[in-house]
2 protein chains.
Amino acid sequence: MRTHYCGHLNKSLAGQTVDLCGWVNRRRDLGGLIFIDMRDREGVVQVVIDPDMTEIFTLANQLRNEFCIRLTGEVRERPESQCNKDMATGEVEIYATGLEIINRSEALPLDFNQKNSEEQRLKYRYLDLRRPEMSDRIKLRAKASSFVRRFLDDNAFLDIETPVLTKATPEGARDYLVPSRVHKGKFYALPQSPQLFKQLLMMSGFDRYYQIVKCFRDEDLRADRQPEFTQIDIETSFMSADQVRATTEKMITEMWKELLNVDLGAFPVMSFEEAARRFGSDKPDLRNPLELVDVADILKDVEFQVFSAPANDPKGRVAVIRVPGGASLSRKQIDEYTKFVGIYGAKGLAWMKVNDRAAGFDGVQSPVAKFLNEEVVENLLERTQAESGDIILFGADSKRVVTEAMGALRLKLGEDLALTDKSAWKPLWVVDFPMFEENEDGSLSAMHHPFTSPLNLTPEELAANPADALSNAYDMVINGYEVGGGSVRIHNSAMQSTVFDILGISTEEQRLKFGFLLDALQFGTPPHAGLAFGLDRLVMLLCGTDNIRDVIAFPKTTAAACLLTDAPSLANPASLEELSIAVNIAKKKEQDQE
Amino acid sequence: MRTHYCGHLNKSLAGQTVDLCGWVNRRRDLGGLIFIDMRDREGVVQVVIDPDMTEIFTLANQLRNEFCIRLTGEVRERPESQCNKDMATGEVEIYATGLEIINRSEALPLDFNQKNSEEQRLKYRYLDLRRPEMSDRIKLRAKASSFVRRFLDDNAFLDIETPVLTKATPEGARDYLVPSRVHKGKFYALPQSPQLFKQLLMMSGFDRYYQIVKCFRDEDLRADRQPEFTQIDIETSFMSADQVRATTEKMITEMWKELLNVDLGAFPVMSFEEAARRFGSDKPDLRNPLELVDVADILKDVEFQVFSAPANDPKGRVAVIRVPGGASLSRKQIDEYTKFVGIYGAKGLAWMKVNDRAAGFDGVQSPVAKFLNEEVVENLLERTQAESGDIILFGADSKRVVTEAMGALRLKLGEDLALTDKSAWKPLWVVDFPMFEENEDGSLSAMHHPFTSPLNLTPEELAANPADALSNAYDMVINGYEVGGGSVRIHNSAMQSTVFDILGISTEEQRLKFGFLLDALQFGTPPHAGLAFGLDRLVMLLCGTDNIRDVIAFPKTTAAACLLTDAPSLANPASLEELSIAVNIAKKKEQDQE
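All figures in this text were calculated on a predicted structure; none of them were measured in a lab.

## Notes on the overall build of chain A
Line of reasoning, step 1. Along its length, chain A carries 18 helices and 24 strands.
Line of reasoning, step 2. C-alpha extents for chain A along the principal axes are approximately 90 × 75 × 65 Å.
Line of reasoning, step 3. A total of 594 residues make up chain A; the buried ones form 57% of that total.
Line of reasoning, step 4. Put simply, 68% of the contacts in chain A that link residues at least 6 apart link residues at least 24 apart.
Line of reasoning, step 5. A total accessible area of about 24,900 Å² is found for chain A, and carbon and sulfur atoms account for 47% of it.
Line of reasoning, step 6. Positive and negative side-chain charges in chain A, numbering 70 and 90 respectively, have mean positions lying 4 Å apart.

## A look at the relation of the copies chain A and chain B
Line of reasoning, step 1. Superposing chain A onto chain B takes a rotation of 180° combined with a translation of 0.0 Å along the rotation axis, leaving an RMSD of 0.1 Å. The transformation relating the two chain copies, once decomposed into turn and shift, fits a two-fold axis.
Line of reasoning, step 2. Mapped onto chain B, 100% of the interface residues of chain A again fall at the interface, so both copies present the same surface.

## Quick look at the environment of Ser81 of chain A
Line of reasoning, step 1. Within the secondary structure, Ser81 of chain A is located in the loop between strand S4 (68–77) and strand S5 (92–103).
Line of reasoning, step 2. Distance from Ser81 of chain A to Leu413 of chain A, taken between C-alpha atoms, is 48 Å for residues 332 residues apart in sequence.

## Quick notes on the packing of helix H6 (residues 241–260) of chain B against helix H16 (residues 535–543) of chain B
Residue and element names in this part refer to chain B.
Line of reasoning, step 1. Close contact between H6 and H16 brings their axes to 11 Å; oriented N to C, the two are set at 40°. Taken together, the axes of H6 and H16 are oblique relative to one another. For the element pair H6 and H16, the recorded crossing hand is right-handed. Along its contact with H6, which presents Ile252, Met255, Trp256, Leu259 and Leu260, the element H16 presents Leu538, Leu541 and Leu542.
Line of reasoning, step 2. Of the residues in the contact of H6 with H16, the class split is eight nonpolar, no polar and no charged.

## Regarding the pattern of salt bridges
Line of reasoning, step 1. Here the structure, examined in full by the defined rule, presents 96 salt bridges over all chains.
Line of reasoning, step 2. A salt bridge links Asp159 of chain B to Arg149 of chain B; its shortest N-O distance comes to 3.5 Å. Linking Asp159 of chain B in strand S6 (residues 158–159) with Arg149 of chain B in helix H4 (residues 132–154), this pair joins segments that are 10 residues apart in sequence.
Line of reasoning, step 3. With its nearest N and O atoms 2.8 Å apart, the salt bridge here joins Arg278 of chain B to Glu291 of chain B. Residue Arg278 of chain B is found in helix H7 (residues 272–279), and its partner Glu291 of chain B is found in the loop between H7 and strand S12 (292–294); the two are separated by 13 residues along the sequence.
Line of reasoning, step 4. Each of Arg121, Arg125, Asp128, Arg131, Glu133, Arg137 and Asp550 of chain A takes part in one network of salt bridges that share partners.

## Here's the deal with the interface of chain A and chain B
Line of reasoning, step 1. Contacts between chain A and chain B engage 114 residues on the former and 114 residues on the latter.
Line of reasoning, step 2. Of the roughly 10,200 Å² buried between chain A and chain B, counting both surfaces, carbon and sulfur atoms make up 60%.
Line of reasoning, step 3. Here chain A and chain B share 10 salt bridges between them.
Line of reasoning, step 4. With a closest N to O distance of 3.3 Å, Asp220 of chain A and Arg181 of chain B form a salt bridge.
Line of reasoning, step 5. Among the elements that make up the side of chain A that touches chain B, the one with the highest residue count is helix H4 (residues 132–154) of chain A (nine residues).
Line of reasoning, step 6. For the side of chain A that touches chain B, the residue count by class is 59 nonpolar, 24 polar and 31 charged.
Line of reasoning, step 7. Here strand S8 (residues 186–189) of chain A runs beside strand S23 (residues 569–570) of chain B; their pairing, made up of two bridges, is antiparallel. Across the sheet, the residue bridging to Lys186 of chain A is Leu570 of chain B, located in S23 of chain B.

## Some details on the UniProt feature "binding site: ATP" (unreviewed entry) in chain A
Line of reasoning, step 1. Under the UniProt annotation, "binding site: ATP" (unreviewed entry) lies at Arg217, Asp218, Glu219, Gln226, Glu482, Gly534, Leu535, Asp536 and Arg537 of chain A.
Line of reasoning, step 2. On the secondary structure map, Asp218 of chain A appears in the loop between strand S9 (208–216) and strand S10 (228–237).
Line of reasoning, step 3. Excluding residues within four positions of it along the chain, Asp218 of chain A makes contact with Arg174, Asp175 and Tyr176 of chain A together with Arg181 and Leu579 of chain B.
Line of reasoning, step 4. When its relative accessible area of 23% is taken as the criterion, Gly534 of chain A is described as partly exposed.
Line of reasoning, step 5. In this structure Gly534 of chain A touches Thr230 and Val483 of chain A, once residues within four positions along its chain are discounted.

## Quick look at H4 of chain A
Line of reasoning, step 1. Here H4 of chain A spans 32 Å end to end across 23 residues, near enough to the 33 Å set by a 1.5 Å rise per residue.
Line of reasoning, step 2. Taken from the residues just after H4 of chain A, Ala156 of chain A is the one with a positive phi, measuring 70°.

## Let's talk about the environment of Cys215 of chain B
Residues and elements named next belong to chain B.
Line of reasoning, step 1. Within the element layout of this structure, Cys215 appears in strand S9 (residues 208–216).
Line of reasoning, step 2. Relative accessible area serves as the criterion here: at 0%, Cys215 is assigned to the buried category.
Line of reasoning, step 3. Through-space distance from the C-alpha of Cys215 to that of Glu93 is 47 Å; in sequence the pair is 122 residues apart.

## With respect to the packing of aromatic side chains
Residue and element names in this part refer to chain A.
Line of reasoning, step 1. One pass over the full model with this rule turns up 32 aromatic pairs over all chains.
Line of reasoning, step 2. Aromatic side chains Phe267 and Trp429 sit 6.5 Å apart centroid to centroid with 40° between the ring planes, which places their arrangement in the tilted category. Placement of the pair is Phe267 in the loop between helix H6 (241–260) and strand S11 (269–271) and Trp429 in strand S17 (residues 427–431), with a sequence separation of 162 residues.
Line of reasoning, step 3. When the centroid spacing of 6.3 Å and the interplanar angle of 90° are considered together, the rings of Phe451 and Phe500 count as edge-to-face. On the criterion of sequence distance, the pair formed by Phe451 in the loop between strand S19 (444–446) and helix H13 (459–464) and Phe500 in helix H14 (residues 493–502) is long-range, its members being 49 residues apart. Accessibility assignment for this pair places Phe451 and Phe500 in one class, buried.

## Let's talk about the nonpolar core
Line of reasoning, step 1. If you look at the biggest cluster of nonpolar residues, it comprises 105 residues, and the most contacted ones within it are Leu190, Leu200 and Leu201 of chain A together with Leu190, Leu200 and Leu201 of chain B.
Line of reasoning, step 2. Non-local contacts of Leu201 of chain B, meaning those with residues more than four positions away in its chain, are made with Leu129, Ala553 and Phe554 of chain A together with Ile160, Thr162, Phe206 and Tyr209 of chain B.
Line of reasoning, step 3. Judged by nonpolar contacts, the second largest core, of 41 residues, contains Ala144, Trp429, Val539 and Leu541 of chain B.

## Notes on the sheet that holds strand S21 (residues 481–488) of chain A
All names here are of chain A.
Line of reasoning, step 1. Taken together, eight strands build an open sheet; the order of strands is S6-S9-S10-S22-S21-S20-S17-S11 and the sheet is mixed. Strand pairing shows two members of the sheet lacking a second neighbour, strand S6 (158–159) and S11, which therefore form its edges.
Line of reasoning, step 2. Sheet topology places S17 next to strand S20 (residues 473–478); five bridges connect them, and they run antiparallel. Bridged to Leu428 within S20 is Val477.

## Some words on the pairing of S9 of chain B
Residue and element names in this part refer to chain B.
Line of reasoning, step 1. In terms of burial, S9 is largely enclosed, as eight of its nine residues are buried.
Line of reasoning, step 2. As judged from the two bridges shared by S6 and S9, these two strands associate in the parallel manner. Bridge pairing in S9 links Asp159 to Tyr210.
Line of reasoning, step 3. As defined by bridge partners, S9 adjoins strand S10 (residues 228–237) across nine bridges and the pair is classed as antiparallel. Bridging across to S10, Tyr209 finds its partner in Glu235.

## Considering the environment of Ser271 of chain A
Residues and elements named next belong to chain A.
Line of reasoning, step 1. With respect to the helices, strands and loops of the structure, Ser271 is situated in strand S11.
Line of reasoning, step 2. Residues Ser271 and Val431, spaced 160 residues apart in sequence, show a C-alpha to C-alpha distance of 4.8 Å.
Line of reasoning, step 3. Setting aside residues up to four positions removed in sequence, Ser271 forms contacts with Val430, Val431 and Asp432.

Definitions and cut-offs
- Residues numbered from 1 in each chain as written.
- Chains lettered and ligands numbered in written order.
- Predicted model: local features only at pLDDT ≥ 70, side-chain atom pairs only at ≥ 80, totals over all residues.
- Heavy atoms only, no water.
- Helix = DSSP H or I, 4+ residues; strand = E, 2+ residues; numbered from the N terminus.
- Buried < 20%, exposed > 50% of the residue type's maximum accessible area, 1.4 Å probe, protein only.
- Contact = heavy atoms within 4.5 Å.
- Areas by Shrake-Rupley, 256 points an atom, 1.4 Å probe, with all protein chains shown as cover.
- Lys, Arg positive; Asp, Glu negative; His and termini not counted.
- Charge placed at Lys NZ, Arg CZ, Asp CG, Glu CD.
- Least-squares fit on C-alpha atoms with pLDDT ≥ 70 in both.
- Axes fitted to C-alpha atoms, helices over the stretch in contact; angles between N-to-C directions.
- Parallel < 35°, antiparallel > 145°, perpendicular 65-115°, else oblique.
- Left-handed = near helix turned anticlockwise from the far one by under 90°.
- Nonpolar A, V, L, I, M, F, W, Y, C, P; charged D, E, K, R; others polar.
- Salt bridge = Lys/Arg side-chain N within 4 Å of Asp/Glu carboxyl O.
- Buried area = accessible area lost by both parts, 1.4 Å probe.
- Pairing = 2+ DSSP bridges.
- UniProt positions renumbered as here; feature names shortened; annotations may be inferred.
- Expected span 1.5 Å × (residues − 1).
- Phe/Tyr/Trp six-rings, centres within 6.5 Å; stacked < 30°, edge-to-face > 60°.
- Core = buried A, V, L, I, M, F, W, Y, C linked by side-chain atoms within 4.5 Å.

As C-alpha cells, then:
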C-alpha cells in the first residue's frame, strides 16, 4: 500500500509521486491550507493539503490526531527559508493528491506532548509505543539482537534452543512453577538460565553454543529487574577464560561501534579484590573518579576507638574517600550522607575538611581532629593527595560494611556533585572472584553457581580451604552495570562432588537434583566455559535509559503485573481441577472463621 | 586449543601441523599401529599413532571410545589406494606427534552402532546428540533459524519480544498456568501464540514484526506435537493477504534453495473447498497422485440405499478413489482398509475391481455391482478414468465422514502402494477457509481464531449468514504438512464485536477477556495481516524425518516428560505454601477414605 516510509523522504525524491501509510501526528490549519505531520515507524513528514483539491480538502478537514491514513502526493523541495532543520525530512513537503481515511481514532488517553504516569503508559502500552522515543528504543533492541546473532553466527556459534518447561534450577532465586496436568502433583520450573542444558550441549560436542533466551526469576523486583528477562547465553568447549573474554569483548566492542559509533577500547581486567578495595563494588563505575583509600595502617594507633578498633581487626576496614571541592558541603548535606551510609550499616560518617592544605593539621576542620595528631593528619592528607577545598570522608567498621557503604557513597557523591562523566564509556572485566560466600550461619554459598571451576586448585586443595578459594569466573561491567558474567565450568566429576559437598548438599540430594549432570561427567566431558549477557541491560545502556521497562515492549510492573492485559488473573476453576491443584487462600479464611 | 576442526581437514593442508580437540569415535589396532577415528562437531578424521612415538603410543593404548582428547599431528595425504571415499576427510590422515587425554569415558549406555530405544536416547540425550545424524539435524536447525532471521531483517522486519508470562489466550487449546506469588490466587498463562501482542505491535505502528518464539499448548501429544514448540511469528501492516503470502513464500523458497539446493517453484493456491473435495484434507499432500472423485450425481438414483441416501442428502457425500493397479489388492488387504476408514466413522468400504476395462460392466468385480446397472458402472469408469487392473474404492456417508475417511485412506494407499513420490517437494497455499465450524450443539467456533477477518463481508452481512462466510485466512502446506498459517486480521471494532457475538461470547466476557483489544481498535488501528510458521515442522521437513523429537535438542516424551532431567517433578512444599496453592490429589484420597 506504500511506496516509501514517511521518515525516508528527502530532496532526491523531489518531483516524484509517493504513496504513504501512517498516522496523523499533528494537524494545523494555516493560511487556508491544512498541514499534516504524517508519522510512520521511520519518522515524520509534512503534508500540505491545498483547498483547490476540493475532495481531499473536505476529507482532510475530518482528520484528527492518530487517524490512520493513506496518502498519495508529490514530493516537493521546500524553499530554503521554510526548511525545518529539526526534522530529518525537513527539506521536503508532500503536496497531497490523494487521501484515504483508513481508521479513525478517539482522543488518546495519553497526551504525547506531556509526561504521562507510568501506570497510564503501561495500560495503553500500544499507544505509548507510538512515541518515537519509545519506538526508537524497541528498534535499537532489534538491531542489537540482530547484531549479536550475526556476530555469533559468523564465529561458528550454533543457535540451539533449550526447554522452557524444565526442572528447578539451582541459581538460588525462586523458580516459577508450572503444574503438570499429565503428571498430577508434579511441576515444571521455568528456567532461571539454561545453565545445565548448555553444559550438556558441550558434552554433546556442539562446541560453540548461543541462544537469546527468556529466563525467569520470581524475585521481588527492582527498577532494573523483571520477572522475565532476556539473556544472550553463550557456551564454548576447549576455550580458556581468556579466549572467552576476548571473543565476547570483541562482540560488545563491535556492537558499540556499529550501533553507537563509539570505540570502547580494550577492557581493563581487574581482580574482585582490587574492585572492592578501590571502588567498594564488584561492578565499579569507572566514570566516577572517586576512590576508596585504605588508611588502617595510619589510624591503627590513634586513641579514637572508632578508627583504631577496626584498623586492628583482621575482619575490619578503615577507608576514606577524598572528594575534590567537597569542603563546600554543608552540615546538612553531610548529615544526609551520614543517613545514607546508615542504610548499609555504617554507624556514622566522620569527615575532615581541608581548608588550607599548606597549613597541615592547622588547616583541617573536623569533629574528629581532636583525636588525631599532626603526624596522622599529615599522613592522611598525603595518602589521599588532598588539596585545599577537599573533604575526606571516613568509613571504619567491618570490611563488609565499609566496602558496601563507602562504595555506595562513592556512587552517590559522583552523581550529586556531577563528578561522574556521563558522556564516557567505561567497560572492564572483573575476575578472580571468591568461590564461596559465607552465610550468617557460617555455611558457604556459591558466589556464581555450583558449576563454576575454582582457579588452579585440585579437589583436595579446594576441600582443604574453601573459604580462600578463588573461582575462574569473570563479569563484564560497563559504567557500573554488570552486563554479563560467566566462568570456566567444572568438567570433572570429583571436582563437582567436592563443590557440592562444600555447599552442604547431601549425596542423596546431589543424585536427586543433579544425578544427570554427575552421570554426564563420566563420559568424556570436554573442558568448557561460557558467559551470559543480560540483553535488557545492554540495551538500556545503548539507549541511555536507566529504566529497564523502557527497552521491553510489554514489561511488567515492579509488582510483576501486566497492566495492559491484566495478567496475572483468576483461573478457571475447571482448569485448576484438571491440574489437581487448589488455591488455598479462601480455605485459610474459612479455617480462621471456624 | 585447536587450530582446525577434524571434519575440515583435507589435502590442501598436507604437510601442516594441526591441533585437534574431540572424541575417540573408534580405535583399531592394525599392523602394530593404532588408528583412531577422531570426531568433533564438523566430522571425523583418521589419526595414526606410530609405535616409534613411544610416549604417545603408550598413552594411546589407554584410549577407549568417547575419551575426550587433544591431539597434535601432521596432515598427510593418503596414497590413492588407501583413500576412503565414504569419508569427507578420507584423502588424508593425521600422523600424531602429541596426545593429551582430557577426560576419560566410561562405556556408554548407548551403542552408536545399533538402534537404541527412544527412552534410552532421551535419558542420555547428551550422548545421543553426539551421533552425527542427530548433531547434523541440530546444526541444520540453527542454519534454518539463522536464514529466517537474515531474510526478515533484510526485509525490514523488526524482531520484537513478547511476554511469556501473560494472560490466557483464546486459541482454544489448554493453557499452561503459572501461579503468581505476589498476586495470591492468580495465575499467568504461557502463550499459545503471541497473537494479540503482535496485533498490538501493529497498532503501535511497528509495521513489520517477527519473532522466533516458544509457544505452549497443554494438549495430549502426538508424534508431531510437543508441549512447547517454536513459532516463526510474523505480522505486517498495510499489506494484503497476497503480499504476505508472496513475502513468506519467497522466504521459504529461498530457504529450501539455500539449505537443500532445492527449487520449490511457485506455490499453487487452492481453495479449502477444492482441497477437501479433491484430496479430503485441508493440507493435501500433492506428492500423492490419488484423488477423491465425487460421484453422487451418478449414484443418486440407484436402489442401493448406502449410496443413494447420502447422494441425495445435501449434507451427504459420495466419493471414490481410483487406485491404479489396485485390482491386485487381496481380500485381506481390503478388509484392513475397511477397518482403517472405520476409525474416521465410515461404516464400510465398497470396492470395485476393474479386471477388463473394455468389457465395461462385465469386466468389473464388486460385491455391490449387483446393485448398479450398466450405465452407472460405465459412468463411474469414465468419471474415474479407470483402466484395467485398477480398483475403485467408495465412500458414502455424511460429507464430513467421507472427506475425512477417504482423505486418510488416500494417504495410506499412497504410502502402502508406494504411489507417493518421496523425492518430490509439493508446496501449496490453501485459502478461503470457512470463518466458522459448526459444533455438535449447533453453536459456531472460529476455524482459525476470533481475530481473523472475513473475506469481503460487512459486519451486517457476516451476522446475517455466518455459517457460509469465508475468512481471509491462508495456510502454507508442504508435502501434506501444514507448516504455516495466518490471516488478515480484523482492524475494526464493529467487526470484532460481531465475530465475538457470533461465537456466543457475552459482552461482559468480551470486556473481561479482550477489553484491551476492543479499546485498542478505537485508536486508528492499521489494516494488518500475518502468519506463523511451525519451525519444528519446517526443520523436520528439511531433515527428512517425521519425528519432531529428532529436531529438538531436549524434547519431551508424548507424556510431556523430560527423561533426562526428570521434569516435571515434585515441588518443595514451602514453595507451594508461598504460592498459596495446594496439590489436592492426596486430599481426595483422604476424603475417599472418610
